[in-house]
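# Architecture at a glance
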Amino acid sequence: MSMYKSVTNRRSFIKKMAMLSAMTAAASMFPGILFASEQEKGIPEGANLDWKKGPCRFCGVGCGILVGTENGKAVAVKGDPNSSVNKGLLCVKGYHQIMCIQSKDRLEYALVKKNGKYVKTPLNEALDIVANKMSETIANHGKDAVAMYTSGQSTIPEGYVASKLMKGAIGTNNLDCNARLCMASAVTGFLTSFGADEPMGCYEDIDHADYFITWGNNMAEMHPVLFSRMLEQKTRRGVKIIDFATRTTRSSTASDRSILFEPQTDLAVANAICYEIIKNKWVNTSFVEKHCSFSKGLTNMGYGLEDNYKFADKPEKIDFEAYKEFLKDYSPEKVSKYSKVSVKDIKYLASLYGDPNKKVVSYWCMGVNQHTRGTWMNNLIYNIHLLTGKISQPGNGPFSLTGQPSACGTAREVGTFTHKLPHGVVMNKKDREMAARIWKVPVEKIPSKPTYHATEMFRAVDRGEIKFIWTQATNPLVSLPKTGRYRPAMEKESCFVVVSDVFPTPTSDVADVILPAAWHIEKSGLYGNSERRTQHWDKMVEAPGEATADAWMFIEVAKRMGYGDLFPYSKENHVEEIYNEYRQFHEGAKHGMAPLEVLKKESGAIWPYVDGKSTQWRFNAKYDPACSNGEAFHFYGKPDGKAIIWQRPFEDAPEKPDQNYPFWLNTGRVIEHWHTGSMTRRIPVLHQAMPNAYVEFHPDDAKTLGVRNGENIKVSSRRGSCILPASINERGLPTKGQVFVPFFDENMLINDVTLDAFCPISKEPDYKKCAVKVEKA
Amino acid sequence: MPIKSYVVHSISGKKEELITALNNLSQCEVVSAKNQDVLALVTDTANEQEEGILIEKIEAINSLKLLSLVSGFNTPQN
């Protein structure tokens, strides 16, 4: 708590805490509310602060922050007014982020489990143990017996050396990351529709749009700074926000219209919107004829519930007439019956997209992505924008938001997924050849087949196939679905578990070796945010004890395993050296990355960075120098230069409420906490504002069940149970027949209850829908 | 020795007036939001009775729209 050094006594300290509580409460009522003067006020009088720029540590928005340091300590944070992302705004998590690094239980030294107890061990010795164990496992069981599970919070250099170590040096594709749990459907959506990952637009769309339609997305709590920019446009220009969701949230109440749908039926409603667009002749015919083609894929794909589940789609070209025929099953009248969205509301949504004089941006995040048909849902939103030609223009476009600070920069661009390489995929010979050339390894070293995606990786640990796993900056034993299976799996003797992290977590509790990781501002790095913006920061303060950047720990282990030649980086400049090597993968007009000297000077740059300029709108010849077909638009990710409108049907969820388990369970986040809470629960003001999870009821359901606010409720599924206090008419309001539980609380593990079903194409699990029963505990 | 915090909403356009009125009360500490008609307020009083009297004074301020309690602490002086 030395953040506010002017605090000299307990009473002043408590006053400061009280003020922060009030500011937190205000921030959750008014997303993006700015108390900047308070940040200045907390700075010691006469302080000689050195303000250093960087991106925020938390969500995927990528707000620019300025961290004030004095005498080697971080003492204040404020929004970077020069950042075009947040223009000086920060949310409540952003303001208080540096307070967690001073937590008393910070992991400062390596811990090695000996005879069931953790023993403080010099880092060099711990890294010897990790390297020896990894080498020994490969020697005894083969290279596919070792695995690494990284994070969308890993920096770009960290992801890059992880990929190089696993795929280039060791020669296994057993590398996946927690972005599989949040972003994989967005990736497969982009790749199937456009052949190129990541949004075509940027945050500046907010300043141009007339309508924002949010799909299953509570931006007021999850992306508060962007939402406050939208609210500002509402006040300034009268833009409208339409919230389409399964739960009434703070976003719904701040919107102009809230439309609720039955879980899973977003698939049908999206098709009904397309039906209406075609029926009313709102199709932008010349755009569709020039720039789109039509395809269909396999249906009834299953849900990945069984181990070793495999699926490969078989796309087939169709024509517009066939697509129109398919949509006949999705008239608003038919869809209204099972989606519980009125015919009028479906027609209203279609009319917004269909009006050629209105600019529309669609936003979505976990509601669409964490879906057993997540890829399809992404495709369907693109269909709407493609049919109307509302895409790749200022204020017009589909925009998939990310949850982690470098889900895009690291997980998706560097490619810390089993099937990915820094450029392209392991299945593609040319991509393997490029990686082999830049990594200076024989091309045969890089396997051509993907192995385990996240869920299957932990199933393989359970089956005893993976005998060594190393996780970094992630907490899978809180965040995986159906943790009731994977916790005992990780505790098995058959698998050696290495966890590098900043704080102890339920995942580090099962580790054989715990490595102390440096926190964000204790190392240099780069993140990539939701709008393709790459941001660099320099190390601002020293890490405590022997805490070390993950990238450097990977390099040290690689050297110990005999791969030193492939990792010739220096400790002082490894971030710069790695980034410069990595940039080679993306050279050219389609994905060129800004040089480091530019990123050091500016608050980030958007790729493709061409001739000293960021590209804000891809695929639009006016803005994107990679367009080369002589037309206004060029979807160059596809060989024929055309984006694909996909025929994707409605299919049911794998598990629906029934007599024994009569409620839908929806899980998610709250504004105060970031993901599994390992950082934000160590920030006193945030922890105090939201100390524990809860189960939210619709008041009618609570009345029927005789449940009162605060009463302990047992939420059970076929997989496990969790006891939480009831919450009625507080933060959010689920629809009748649904309960909602946030997942940040490691003492109330709702993921023991969730289902590990996933989208067969993206392999991203669905945390939003399973069947539960609720009873008084 | 209660320390309490509140979110205070001002009547539209009267935020500055409300800040001045609250700053005139010695037991109040105010931080104003830059972009909303909202203030964060901390009160520091000797006992609950004094706190009660203070709240009555605050509620009598014309520019006040809504006073909403966030947290309360009871602590010995220093």
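Of the regular secondary structure elements, chain A holds 26 helices and 31 strands. Radius of gyration (C-alpha) of chain A: 25 Å, near the 28 Å computed for a compact globule of 777 residues. Considering only C-alpha atoms, chain A reaches an extent of 70 × 65 × 55 Å along its principal axes. Looking at chain A as a whole, 67% of its 777 residues are labelled buried. Partitioning the contacts of chain A with sequence separation of at least 6, the portion at a separation of at least 24 is 73%. Accessible area for chain A stands at about 25600 Å²; split by element, carbon and sulfur atoms hold 48% of it. Positive and negative side-chain charges of chain A, numbering 99 and 87 respectively, have mean locations separated by a distance of 2 Å.

When its secondary structure is counted, chain B shows two helices and four strands. The order of helices and strands in chain B, counted from the N terminus, is β-α-β-β-α-β. Contacts in chain B between residues far apart in sequence, at least 24 positions, make up 67% of those at least 6 positions apart. In the form shown here, chain B has an accessible surface area of approximately 3900 Å², with 46% of it arising from carbon and sulfur atoms.

Let us look at the side chain of Thr667(A). Residues and elements named next belong to chain A. Within the secondary structure layout, Thr 667 lies in strand E25 (residues 663-668). Side-chain polar atoms of Thr 667 contact the backbone oxygen of Tyr 767, separated by 2.8 Å. Ignoring anything within four residues of it in the chain, the contact list for Thr 667 reads Phe 740, Val 741, Ile 750, Thr 754, Tyr 767 and Lys 768.

Turning to the nonpolar core, a few remarks are in order. All names here are of chain A. Among the nonpolar cores identified, the biggest contains 138 residues, and Trp 470, Leu 515 and Phe 567 are the most heavily contacted of them. Element by element, the count of residues in this core is highest for helix H5 (residues 156-170), at eight residues. When near neighbours in sequence (up to four residues on either side) are disregarded, Trp 470 contacts Val 130, Met 134, Ala 147, Met 148, Tyr 149, Val 498, Ser 500, Leu 515, Met 553, Phe 554 and Val 557. Judged by nonpolar contacts, the second largest core, of 64 residues, contains Ile 242, Leu 386, Leu 387 and Phe 619.

Backbone hydrogen bonds are what pair the strands of a sheet, in a parallel or an antiparallel way. Residues and elements named next belong to chain A. Judged by pairing direction, the sheet is mixed, and its seven strands sit side by side in the order E5-E4-E18-E17-E16-E6-E7 without closing on themselves. The outermost strands of the open sheet, each flanked by one partner alone, are strand E5 (117-121) and strand E7 (175-177). Here the strands of the sheet are splayed against their neighbours by 20° on average, with no regard to which way each runs. Across three bridges, strand E6 (residues 146-150) lies against E7 in parallel orientation. Residue Met 148 lies in a different strand from E7, and its bridge partner there is Leu 175. Packed on one face of the sheet, helix H19 (residues 454-463) meets E6, E7 and strand E16 (468-472) and runs near 140° to E6.

Residues and elements named next belong to chain B. Counted residue by residue, strand E2 (residues 28-32) has four buried out of five residues, so it is predominantly covered. Two strands pair when backbone bridges link them, and E2 and strand E3 (residues 38-44) are joined in this way by five bridges, in the antiparallel orientation. Note that in E3 the partner of Val 30 across the bridge is Leu 41. In sequence, E2 turns back onto E3 through a hairpin of five residues.

All names here are of chain A. Following both chains from N to C, one finds H5 and helix H17 (residues 407-415) inclined at 35°, their axes separated by 8 Å at the closest point. Seen along the crossing, H5 lies across H17 with a hand that is right-handed. Residues Ile 156, Gly 159, Tyr 160 and Ser 163 of H5 form the contact with H17, whose participating residues are Gly 409, Thr 410, Val 414 and Gly 415. By residue class, the composition of the contact of H5 with H17 is three nonpolar, five polar and no charged.

The subject of this paragraph is unusual backbone geometry. Residue and element names in this part refer to chain A. The linkage connecting Trp 607 with the following residue, Pro 608, adopts the cis geometry, with an omega of -5°. The residue Pro 608 is located in the loop between strand E21 (605-606) and strand E22 (609-610) in this model. Phi angles above zero are rare outside glycine, and Lys 87 is one such case at about 45°. Among the structural elements, Lys 87 can be located in the loop between strand E3 (73-79) and helix H3 (92-96). Given the relative accessible area of 48%, Lys 87 is considered partly exposed.

Residues and elements named next belong to chain A. The buried count for strand E20 (residues 533-537) comes to five of five residues, which makes it a mostly enclosed element. As defined by bridge partners, strand E19 (residues 525-528) adjoins E20 across four bridges and the pair is classed as antiparallel. Following the sheet pairing, Tyr 527 is matched in E20 by Gln 535. As consecutive antiparallel partners, E19 and E20 are separated by four residues, and within that stretch Arg 532 has a phi angle of approximately 65°, a positive value. Of the strand pairs in this sheet, E20 and E21 are connected by two bridges, and their pairing is antiparallel. In the sheet register, Thr 534 faces E21, and the bridge partner there is Ala 605.

As a further point, take the pattern of salt bridges. Residue and element names in this part refer to chain A. All chains considered together, the criterion is met by 50 salt bridges over all chains. We note a salt bridge from Lys 600 to Glu 576, for which the minimum N-O separation is 3.7 Å. Residue Lys 600 is located in helix H24 (residues 596-601), and its partner Glu 576 is located in helix H23 (residues 574-583); the two are separated by 24 residues in the primary sequence. Overall, the relative accessible area of 39% leaves Lys 600 in the partly exposed class. With relative accessibility at 32%, the residue Glu 576 sits in the partly exposed group. Between Asp 658 and Arg 718 there is a salt bridge whose closest N-O contact spans 2.5 Å. Pair noted here: Asp 658 is in the loop between strand E24 (643-647) and E25 and Arg 718 is in the loop between strand E27 (712-716) and strand E28 (721-728), with a separation of 60 residues, a long-range link. Looking at Asp 658, the relative accessible area reads 31%, which means it is partly exposed. Judged by relative accessible area, Arg 718 falls into the partly exposed class, the value being 43%. Taken together, the salt bridges that share partners define one network made up of Asp 307, Glu 456, Arg 459, Asp 462, Arg 463, Glu 465, Lys 482, Arg 485, Lys 492 and Asp 756.

Turning our eyes to something else, we now look at the sheet that holds strand E15 (residues 397-400) of chain A. Residue and element names in this part refer to chain A. Pairing within the open sheet is parallel, and its five strands lie in the order E11-E9-E8-E14-E15. The open sheet has two free edges, formed respectively by strand E11 (257-260) and E15, since each of these has just one partner strand. Taken pair by pair, the neighbouring strands of this sheet meet at an average axis angle of 20°, ignoring direction. Here strand E8 (residues 211-215) runs beside strand E14 (residues 360-364); their pairing, made up of five bridges, is parallel. Among the inter-strand pairings, Phe 212 is bridged to a residue of E14, identified as Val 361. Across the sheet, helix H8 (residues 224-237) lies against E8, strand E9 (240-245) and E14, angled at about 135° from E9, the strand it touches most. In this fold helix H16 (residues 374-388) packs onto E8, E14 and E15, with an angle of close to 175° to the strand it touches most, E14.

With that settled, consider the side chain of His591(A). All names here are of chain A. Here His 591 shows up in the loop between H23 and H24. Using a relative accessible area of 16% as the deciding quantity, one classes His 591 as buried. Setting aside anything within four residues of it in sequence, one finds His 591 in contact with Glu 413, His 586, Trp 607 and Pro 608.

Let's shift gears to the confidence of the model for chain A. Mean pLDDT over chain A: 94, with 96% of residues reaching 70 or higher. Residue range residues 1-8 of chain A is modelled with pLDDT below 50. Its contacts to residues more than four positions away, or to other chains, number 30 contacts.

To continue, consider the packing of aromatic side chains. Residue and element names in this part refer to chain A. Applying the stated criterion across every chain yields a total of 33 aromatic pairs over all chains. Plain terms: the ring middles of Tyr 203 and Phe 399 are 5.8 Å apart, the flat faces sit at 35° to each other, and that makes the pair tilted. One end of the pair, Tyr 203, is in the loop between helix H6 (184-194) and E8; the other, Phe 399, is in strand E15, and 196 residues separate them in sequence. Of the two residues, Tyr 203 and Phe 399, neither departs from the other in class, the shared state being buried. For the ring pair Tyr 309 and Phe 758, a centre distance of 5.8 Å and an interplane angle of 75° mean the geometry is edge-to-face. Here the residue Tyr 309 occupies a position in the loop between strand E12 (292-296) and strand E13 (316-318), and Phe 758 occupies one in the loop between strand E30 (738-742) and strand E31 (770-776), the gap between them amounting to 449 residues. Considered together, Tyr 309 and Phe 758 belong to a single accessibility category, that of buried residues. Clustering of aromatic rings is evident, with ring pairs tying together Phe 190, Phe 194, Phe 287, Trp 364, Tyr 382, Phe 619, Phe 633, Phe 635 and Tyr 636.

Procedures and definitions
Residue positions are counted from 1 within each chain, in the order its sequence is given. Key to labels: chains lettered from A, ligands numbered from 1, both in the order written. pLDDT decides what is reported in this predicted model: residues at 70 or higher carry local features, side-chain atom pairs at 80 or more are listed and counted, and totals for whole chains, interfaces and linings draw on all residues regardless. Side-chain descriptors were evaluated using all non-hydrogen atoms of the structure, hydrogens and water having been removed beforehand. Only DSSP runs of H or I reaching four residues or more are called helices, and only runs of E reaching two or more are called strands; each is numbered from the N terminus. For this measure, only C-alpha atoms enter the radius of gyration; the expected value for a globule follows 2.2 Å times N^0.38, where N is the number of residues. Accessibility here uses a 1.4 Å probe with only protein chains present; expressed as a share of the type maximum, an area under 20% marks a residue as buried, one over 50% as exposed, and anything in between as partly exposed. Here, two residues are considered to be in contact whenever any of their heavy atoms come within 4.5 Å of each other. Only the protein chains shown count as cover for residues, with accessible areas throughout obtained via the Shrake-Rupley method and a probe of 1.4 Å. By the counting rule applied here, Lys and Arg register as positive and Asp and Glu as negative, while His and the ends of each chain are not counted. Charged side chains are reduced to one point each, which is NZ for Lys, CZ for Arg, CG for Asp and CD for Glu. Any pair of nitrogen or oxygen atoms within 3.5 Å is treated as a polar contact; in protein, a donor-acceptor pairing is required on top of that, and neighbouring residues in sequence qualify only through side-chain atoms on both sides. Think of a nonpolar core as a cluster: buried Ala, Val, Leu, Ile, Met, Phe, Trp, Tyr and Cys residues, connected wherever their side-chain atoms sit within 4.5 Å. Note on pairing: two strands pair once DSSP finds at least 2 bridges between them. Note on method: axes are straight lines fitted to C-alpha atoms, helices fitted across the in-contact stretch only, with angles between N-to-C directions ranging 0 to 180 degrees. Crossings are sorted by hand: turned counterclockwise from the far helix by less than a right angle, the near helix makes the crossing left-handed, and turned clockwise it makes it right-handed. Here the term charged refers only to Asp, Glu, Lys and Arg, the term nonpolar to Ala, Val, Leu, Ile, Met, Phe, Trp, Tyr, Cys and Pro, and the term polar to all other amino acids, Gly among them. Salt bridge, as used here: a side-chain nitrogen of Lys or Arg that lies within 4 Å of a carboxyl oxygen of Asp or Glu. pLDDT measures the predictor's confidence residue by residue and takes values from 0 up to 100. In this analysis, rings of Phe, Tyr and Trp, with Trp reduced to its six-membered ring, are considered paired at centre separations within 6.5 Å, and the interplanar angle assigns stacked below 30 degrees, edge-to-face beyond 60, and tilted for intermediate values.

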